[in-house]
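Chain by chain, the residues run as shown.
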Amino acid sequence: MSAAPIRVLIADDNPVVRAGLAALLATAGDIETTAQAADGREALSLTRRHGPDVVLLDVRMPGVDGISALPHLVRMAPVLMLTYSREADIVREALLLGAGGYLVHGEFTADDLVRAVRDVREGRPQFTTTAASTLLAELRASSHPQRNVAQSGERVSNSVVFGLSSREVEIMDLIASGMSNQQIAAACFISEKTVKNHINRIFAKLRITTRSEAMALWLGTARPGVTGHG
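Residues numbered from 1 in each chain as written. Predicted model: local features only at pLDDT ≥ 70, side-chain atom pairs only at ≥ 80, totals over all residues. Heavy atoms only, no water.

(A) Structural view of the sheet that holds strand E4 (residues 79-83). With parallel pairing, the six strands of this open sheet are ordered in space as E2-E1-E3-E4-E5-E6. This sheet does not close on itself; its edge strands, each paired only once, are strand E2 (31-37) and strand E6 (126-127). The sheet contact formed by strand E5 (residues 101-104) and E6 spans two bridges and is parallel. Bridged to Tyr102 within E6 is Phe127. Strand contacts of helix H1 (residues 15-26): strand E1 (6-11), E2, strand E3 (54-57) and E4, with the helix running at about 165 degrees to E2, the strand carrying the most contacts. Together, E1, E2 and E3 form the strand contacts of helix H2 (residues 40-50), whose direction differs from that of E2 by roughly 135 degrees. (Pairing = 2+ DSSP bridges. Helix = DSSP H or I, 4+ residues; strand = E, 2+ residues; numbered from the N terminus. Contact = heavy atoms within 4.5 Å. Axes fitted to C-alpha atoms, helices over the stretch in contact; angles between N-to-C directions.)

What follows is the structure, encoded as structure tokens:
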């Protein structure tokens, strides 16, 4: 007997977006849309009624918005933010309130969405590039606020000096945040093998051999030529 499908509730004030998401999820044989809500209040009511396995939640909706409904929804089901909102304070607040992931429209495919729903249901976080980068910038700023401006300049300088590609810069940001290869793979929607390949190329360009050296160099606590084999 096949396993029961993952039941999803979609909360978004735009009916076209709701229909599109439902159509994308329908391409997976193990996911079904069990209910749709136009605002946070309806999302709360329908979640109590249907008990979905995952809630897809927009941020900006009339009446009760997604952020207001989020702390109540996460008590009933895992919540995956699915929105056009990419502001740093919104991403940070959503995660602090218990969201299991944050996807920005235009940055994921149908396969990415299906994988994110499955992962969030199992407690594995999922982020699209903008959300992950925003979170990293926030973490860096809160850790070293007095050095934030200087470090951002060093980051750009390092990327130019060492000839890193835009993807390698992104991977290096995630390494500097302390993410594991598995977490980086999830955040970038790539395989762990691809992550390892990127890291090997990055380390070769930076002339380093360890993650700690990479983090020190990227966060501006060491100068090129000082760490490891520089």
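Now, onward.
(B) Local environment of the nonpolar core. In this structure, Leu9, Leu57, Leu73, Met81, Tyr102, Leu174 and Ile184 are the most contacted members of the largest nonpolar core, which totals 53 residues. Sort the elements by how many residues they give to this core and helix H8 (residues 166-176) lands first, with six residues. Sequence-distant contacts of Leu57, defined by excluding residues within four places in its chain, comprise Ala11, Gly66, Leu70, Leu73, Val79, Leu80, Met81 and Leu82. (Core = buried A, V, L, I, M, F, W, Y, C linked by side-chain atoms within 4.5 Å. Buried < 20%, exposed > 50% of the residue type's maximum accessible area, 1.4 Å probe, protein only.)

(C) A look at unusual backbone geometry. For Arg207, which is not a glycine, the phi torsion comes out positive at approximately 60 degrees. Residue placement: Arg207 occurs in the loop between helix H10 (192-206) and helix H11 (211-218).

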